[in-house]
Amino acid sequence: MNSGRGSLFVFQVKLYRDCINEVFSPQVNRIFKKTCIFTAKIYAMAHTVLLITPPFTQLNTPYPATAYLKGFLNTKNIACFQADLGIEVILRLFSREGLTRLFEESERAQSGFSDNAARIFSLKEIYIQSIDSVIHFLQGKNPSYAHLIVQEDYLPEAGRFQQKTDMEWAFGTLGIMDKAKHLATLYLEDLSDFIQETTDKHFGFSRYAEKLGRSANSFDELYEVLQGDFSFTDKILLEILKEKMSQVQPDLVGFSVPFPGNLYSAFRCTQWIKAHYPEVITVMGGGFPNTELRSVSDSRVFQFFDFITLDDGEAPFEHLIEYIQGKRKQEELKRTFGLKEGVVTYFNNSTSQDYKQSETGTPDYSDLLLDQYISVLEVANPMHRLWSDGRWNKLTMAHGCYWGKCTFCDISLDYIKVYEPVAAKLLCDRMETLIQQTGNTGFHFVDEAAPPALMRELALEILRRKLVVSWWTNIRFEKNFSQDLCLLLKASGCIAVSGGLEVASDRLLALIEKGVTVSQVAQVTRNFTEAGIMVHAYLMYGFPTQTDQETIDSLEMVRQMFEEGVLQSGFWHQFALTAHSPAGMYPEKFSILPEKTGTTGFAINDLVYTDPKGGNHEKFSFGLKKSLFNYMHGIGMDFPLQQWFDFKVPKTTVPKNYIENCLNEFPFIEMKPSSKIVWLGEKPRIKTVIQQKKGKEVRLSEFTFHKKKGFFTVSLPVEYADWLSEMLTLASVCQPKTLQYGTLKAHFEASGLSGFELFWYGKPIQELKESGLLLIL
């Protein structure tokens, strides 16, 4: 039975109807039945929405789309249930019962096993015996199990363990938990390889049947696969879906499909729903349709989904509910594809505006199995660990991108071009709500690029409220991230940032319209690193017109940044031309020649093209990634770049000390009246001391400041003591209003003191600046 009141009402209606069947005439009964079913349907509609994330996204934390939408529906008093079928399939498959079924299913194919699969099959009893303990450990429920795992002869080992890194080198001598997580991850990946070979060739922990969704210009291949038999994973997926549908009894099921790797399983689910619950409305939204299905016209798609919505989902989803309730015409839907007289039609005649970010509510993670996600550790990479290890509450500081100019990016689409920040106080309200709901104080802000000014205000608000949180986000490496701003972010709990260095070439960065230079990126990453905030760089190769020489010079820039210690993590991506980026829409500006493709009626995003002026980018892939992996571990810094490649590459033209020279440049910071003064330290102890100077006694005020580690003292003439004490109080981060530089200077002069600049740049203030007095533009 549905947990909502709507199902209870339906049950009561049926019971009452059964009671009166013996009393009234058949005609009255028919009228009563039609009226009750219609009324119950409308009543239940607001209570029977099911939101699903199909397999697979992440193992360690929920993908936030359904939580965002559920939070919005809460503001409309529309109750709904959400489920992450990805983690539920994983937990059911990787269990004692699941592995028993897996090995029974695969036994019939035993004669065709590879050596690796045959080894795993022969060790099946050990896998079945150990799987529940491994999963519990990765869920954080049995930490002592790590001591068994790290013995290295405890877990069964197959092909993935041959790729095992030097554990001492990767994790040090004390990282028992990390070692155990890494070994347990390899153990699961061995089982994943076995599943791919024996029962489901499309299986993958985060990319299920991704090939069928990536650049699927035609629906033919996916449609053909959907007509085939269910795979082993499909059967488990549909068992769970059946349970959810029976439990919730929904009238509307919404699927969030963020990536190509979620597409196949979404279609499998709706195929089953249409076969068993044909009256239920199915809807697709999310990142994949937003970018790939903006021109969908193949009517076969709508055998599975009744509607597909684009861009922000709040208003379109609300409109669909109103349409189903009979409160809105089909033509009045918002950014929604559907069938009209058998033809795919785009409905966007609504006069309603999209909801402001302040109106969308706080994400709601209820219903999700928050304590059952598993933390894996695939590689010894600090940023990859944040992505795959631990559970994060996900929020957004600002919708869209405040820069919105990068020519490789989908800046023509609303998720990028519509920029709308959320007020810092509201963000903190939402953080507090999520902490109370989930018990978790870690936050991942999933912005396209978090704006520095908003990050500053968020950090101040976190500190004012004395919240103890950790958080990380994506940024642009722009000059506003000064040393002091980075220190403020660190104090508020910021642990990491990721941003695009991209091609690491000033010529190509200008072509991209990135708005930064390599020198600027180096200085900003230095500021973050010195503040104790980890920095991950998104790196790109193969941008239009990029030559082999520029690729090697880009690698040299990256090598020097790791050598100088201003980067801790990075990843190389090969440039992909997308239909909604400036490069895709205006290829002639980038000297590339897209291949013409006919209209196929399904997905359109990645474009095939030739680059007459560029190099052969594919051949650099392995060498770039191999060198980066070593640089992240401090290895091979002095190797010639040629050593990373098995073909002849040009010598770099970048001076060996280029990044070092960039880091020796400190841009002048001009203080403005509106610049903010923030004191992060505690209230000092003050006493008067007498010192002898040139044979005379001089009375000084000595300020003693205690820090987490140790203390320091500042001495200054007594006439400045009262002013400095009051100034530190006014500048305290706990104050509701931030002190401005202009106000500070006026306060100094109003106190009858003279020589403000001389005092401000003198030794006492400089000592305070080194220990928590921040100047932020």
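Each chain carries its own residue numbering, running from 1 in the direction its sequence is written. Only residues with pLDDT of at least 70 are given local features in this predicted model, and only at 80 or more are side-chain atom pairs given and counted; all residues enter the totals for whole chains, interfaces and linings. As a rule here, side-chain values cover all heavy atoms of the structure and leave hydrogens and water aside.

1. What to know about the overall build of the chain
In terms of helices and strands, the chain carries 31 helices and 23 strands. Computed over C-alpha atoms, the radius of gyration of the chain comes to 30 Å, within 12% of the 28 Å expected from 2.2 N^0.38 for 777 residues, which places it in the range of a compact globule. Along the longest, intermediate and shortest principal axes, the C-alpha atoms of the chain span 115 × 70 × 60 Å. For every residue, the accessible area obtained with a 1.4 Å probe (protein chains only) is divided by the maximum for its type, and the residue is called buried under 20%, exposed over 50%, and partly exposed between those limits. Across the 777 residues in the chain, those meeting the buried criterion constitute 55%. Helix and strand definitions here come from DSSP, where helices need a minimum of 4 consecutive H or I residues and strands a minimum of 2 consecutive E residues; each element is numbered from the N-terminal end. With the radius of gyration taken over C-alpha atoms, the globule rule is written as 2.2 Å times the number of residues to the power 0.38.

2. A look at the packing of aromatic side chains
By convention, a stacked pair of Phe, Tyr or Trp rings (six-membered ring in the case of Trp) has centres within 6.5 Å and planes under 30 degrees apart, an edge-to-face pair has planes over 60 apart, and any other such pair is tilted. Tallied over the entire structure, the rule returns 50 aromatic pairs. A centroid spacing of 5.7 Å and a plane angle of 70° characterise the contact between F113 and F194, whose relative ring orientation is edge-to-face. Highlighted residues: F113 in the loop between α5 (96-106) and α6 (115-122) and F194 in helix α10 (residues 176-198), separated in sequence by 81 residues. For F113, a relative accessible area of 14% translates into the label buried. A relative accessible area of 1% places F194 in the buried class. Where Y541 meets W572, the ring centres are 6.2 Å apart and the plane angle is 75°; that geometry is what we call edge-to-face.

3. Details of the environment of W472
Take W472: it is sitting in strand β12 (residues 470-475). Residues W472 and L624 lie 152 residues apart in sequence; the distance between their C-alpha atoms is 26 Å. The contact criterion used throughout is that any non-hydrogen atoms of two residues lie within 4.5 Å. Sequence-distant contacts of W472, defined by excluding residues within four places in its chain, comprise M383, L386, W387, W392, F443, H444, F445, I495 and A496.

4. Side note on the pattern of salt bridges
When a carboxyl oxygen of Asp or Glu is within 4 Å of a side-chain nitrogen of Lys or Arg, the pair counts as a salt bridge. What the rule picks out here adds up to 32 salt bridges. Here R300 and D220 are joined by a salt bridge, their closest N and O atoms 2.6 Å apart. Of this pair, R300 sits in the loop between α15 (287-292) and β5 (307-309) while D220 sits in helix α12 (residues 220-226), placing them 80 residues apart in sequence. Classification of R300 as partly exposed rests on a relative accessible area of 21%.

5. Remarks on the side chain of S569
Structurally, the position occupied by S569 is in strand β15 (residues 569-574). Look at S569 and you get buried, because its relative accessible area is 0%. In this structure the side chain of S569 is engaged in a polar contact, spanning 2.7 Å, whose partner is the side chain of H536. Pairs of N or O atoms within 3.5 Å make up the polar contacts considered here, provided that, within protein, one atom can donate a hydrogen while the other can accept it, and that residues adjacent in sequence are counted only when both atoms are side-chain atoms.

6. Topic: the nonpolar core
Joining through side-chain atoms within 4.5 Å is the link that ties buried Ala, Val, Leu, Ile, Met, Phe, Trp, Tyr and Cys residues into a set, and such a set is a nonpolar core. Core analysis: the largest hydrophobic core is formed by 181 residues, its most contacted members being F94, F267, W471, L489, F528 and F602. The residues contacting F94, other than those within four sequence positions of it, are I131, I135, L188, L191, I195, F203 and F205. Residues M671, I677, F756 and F759 belong to the second largest nonpolar core, which totals 27 residues.

7. Brief notes about helix α29 (residues 741-750)
Restricting attention to buried positions, one finds in α29 the residues Y741, L744 and F748. The buried residues of α29 all sit within an arc of 60° when viewed along its axis, so they share a single face. Of the surrounding secondary structure, the elements contacted by the buried residues of α29 are β18 (676-679), α28 (718-731), β22 (739-740) and α30 (756-760). Phi turns positive, to about 85°, at G752, one or two residues after α29. Starting at the helix axis, one direction is taken to each C-beta atom, and the arc is that of these directions.

8. Quick look at the sheet that holds strand β23 (residues 773-776)
The strands making up a sheet associate through hydrogen bonds between their backbones, and the pairing can be parallel or antiparallel. One requirement defines pairing of two strands: DSSP has to find at least two bridges between them. Read across the open sheet, the 3 strands follow the order β22-β18-β23; overall the sheet is antiparallel. Every other strand in the sheet has two partners, leaving β22 and β23 as the edge strands with one partner each. In this structure, β18 lies alongside β23, joined through 4 bridges in antiparallel fashion. Note on β23: the bridge partner recorded for K676 is I776. Relative to β23, helix α21 (residues 483-492) is tilted by about 120°, and along the sheet it contacts β18 and β23. Comment: axis = line fitted to C-alpha atoms, over the contacting stretch for helices; angle = value between 0 and 180 degrees taken between N-to-C directions.

9. Topic: the sheet that holds strand β21 (residues 711-717)
An order of β19-β20-β21 is seen for the 3 strands of this open sheet, with the pairing classed as antiparallel. Across the chains shown, the open sheet's two edge strands, defined by having one partner strand only, are β19 (685-693) and β21. With strand direction ignored, the average angle separating the axes of adjacent strands in the sheet is 35°. Of the pairings in the sheet, the one linking β19 to strand β20 (residues 696-706) comprises 9 bridges and is antiparallel in character. Pairing of K687 across the sheet is with E702, part of β20.

10. Regarding helix α4 (residues 85-93)
Burial analysis of α4 places 8 of its 9 residues in the buried class, which makes it a mostly covered element. For α4, the full list of buried residues reads L85, G86, I87, E88, V89, I90, L91 and L93. The N-capping residue of α4, defined by a side-chain oxygen 3.0 Å from the backbone nitrogen of G86, is D84.

11. Re unusual backbone geometry
Look at the link from P55 to F56: it is a cis peptide, with omega at -10°. Considering the arrangement of structural elements, one finds F56 in the loop between β1 (49-53) and α3 (65-75). A positive phi is found at Q249, a non-glycine position, where the angle reads about 50°. Mapped onto the elements, Q249 comes out in the loop between α13 (232-248) and β3 (252-256). For Q249, a relative accessible area of 37% translates into the label partly exposed. The residue S591 is not glycine, and still its phi comes out positive at about 60°. Note on placement: S591 falls in the loop between α25 (582-585) and β16 (593-594).

12. Some points on the packing of α5 against α10
Orientation of α5 relative to α10, taken along the N-to-C sense of each, is 35°, at an axis distance of 10 Å. As α5 packs across α10, the resulting crossing turns out to be left-handed. Residues L99, L102, F103 and S106 of α5 form the contact with α10, whose own contacting residues are L191, F194, I195 and T198. A per-class count over the contact of α5 with α10 returns 6 nonpolar, 2 polar and no charged. Crossings are sorted by hand: turned counterclockwise from the far helix by less than a right angle, the near helix makes the crossing left-handed, and turned clockwise it makes it right-handed. Residue polarity is assigned by list, with Asp, Glu, Lys and Arg as charged and Ala, Val, Leu, Ile, Met, Phe, Trp, Tyr, Cys and Pro as nonpolar; anything else, Gly included, falls into the polar class.

13. Notes on the confidence of the model for the chain
Confidence scores labelled pLDDT are given residue by residue by the predictor and lie between 0 and 100. Of all residues in the chain, 90% have pLDDT values of 70 or greater, and the mean over the chain is 89. Every residue in residues 1-28 scores below 50 in pLDDT, and together they form 29 contacts with partners more than four places removed in sequence or on other chains. Segment residues 30-47: pLDDT under 50, and 27 contacts once partners within four positions in sequence are set aside and those in other chains are kept.

14. Examining the environment of Y355
Along the chain, the position of Y355 falls in the loop between β7 (343-347) and α17 (382-388). Measuring from C-alpha to C-alpha, the distance between Y355 and E314 comes to 7.1 Å, with 41 residues separating the pair along the chain. Residue contacts for Y355: discarding those within four places in its chain leaves F72, K76, E314, A315, E318 and T360.

15. Thoughts on the pairing of strand β11 (residues 442-445)
Both faces of β11 are covered, namely the face carrying G442 and H444 and the face carrying F443 and F445. Sheet topology note: the strand β8 (residues 393-395)/β11 ladder contains 3 bridges and is parallel. From the neighbouring strand, N393 faces β11, where its bridge partner is F443. Relative to β12, β11 runs parallel, the two being bridged by 4 bridges.

16. Focus: the environment of F302
Summarising the element assignment, F302 is placed in the loop between α15 and β5. Residue classification places F302 among the buried residues on the basis of a relative accessible area of 7%. It is 25 Å that separates the C-alpha atoms of F302 and Y63, two residues lying 239 residues apart in sequence. Here F302 is in contact with V296, F307, I308, F337, G338, L339 and V344, once residues within four sequence places are set aside.

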